[in-house]
Amino acid sequence: MTMTLNEQINEAQKDYIFFTKLLKKIKAIKNPTEGNKFAEKNCLEMIANLEVFFDDIDYHTQITFD
């Protein structure tokens, strides 16, 4: 089953909120372990991927309406 663009955007927004909150919690840990550093790196990577997705949507929206 394929998702519509609106469903993909909603899912990406939920994921973005989840990963930004998780990253904030990880950074608040006083004595980070290697696992925490790994989780922080993965969160940053996921957030970057989601930002690219949102930028692509913004770009295509601008092209469509210009």
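Residues numbered from 1 in each chain as written. Predicted model: local features only at pLDDT ≥ 70, side-chain atom pairs only at ≥ 80, totals over all residues. Heavy atoms only, no water.

Caption draft 1: Just the environment of K37, in detail. Of note, K37 is situated in helix α2 (residues 34–65). Exposure remark for K37: the relative accessible area of 44% places this residue in the partly exposed category. Taking C-alpha positions, K37 is 9.0 Å from K27, a pair spaced 10 residues apart along the chain. (Helix = DSSP H or I, 4+ residues; strand = E, 2+ residues; numbered from the N terminus. Buried < 20%, exposed > 50% of the residue type's maximum accessible area, 1.4 Å probe, protein only.)

Caption draft 2: Region of the structure containing the packing of aromatic side chains. This model, assessed by the stated rule, comprises 3 aromatic pairs. Summarising the aromatic geometry, the rings of F53 and F54 are spaced 5.8 Å apart at their centres and angled 55° between planes, so their arrangement reads as tilted. For F53, a relative accessible area of 25% translates into the label partly exposed. Feature note: the residues Y16, F53 and F54 constitute an aromatic cluster, connected by ring pairs. (Phe/Tyr/Trp six-rings, centres within 6.5 Å; stacked < 30°, edge-to-face > 60°.)

Caption draft 3: Summary view of the environment of I9. Here I9 shows up in helix α1 (residues 5–27). Counting along the chain gives 41 residues from I9 to L50, while the straight-line C-alpha distance between them is 9.8 Å. I9 has contacts with F53, F54 and I57, leaving out every residue within four places of it along the chain. (Contact = heavy atoms within 4.5 Å.)

Caption draft 4: Layout of a negative patch on the surface. A contiguous patch of negative charge on the surface is contributed by E51, D55, D56 and D58. As for its position among the elements, E51 is in helix α2. (Patch = residues over 30% accessible without salt bridge, like charges linked within 9 Å, V, L, I, M, F, W, Y side chains within 5 Å. Areas by Shrake-Rupley, 256 points an atom, 1.4 Å probe, with all protein chains shown as cover. Salt bridge = Lys/Arg side-chain N within 4 Å of Asp/Glu carboxyl O. Lys, Arg positive; Asp, Glu negative; His and termini not counted. Charge placed at Lys NZ, Arg CZ, Asp CG, Glu CD.)

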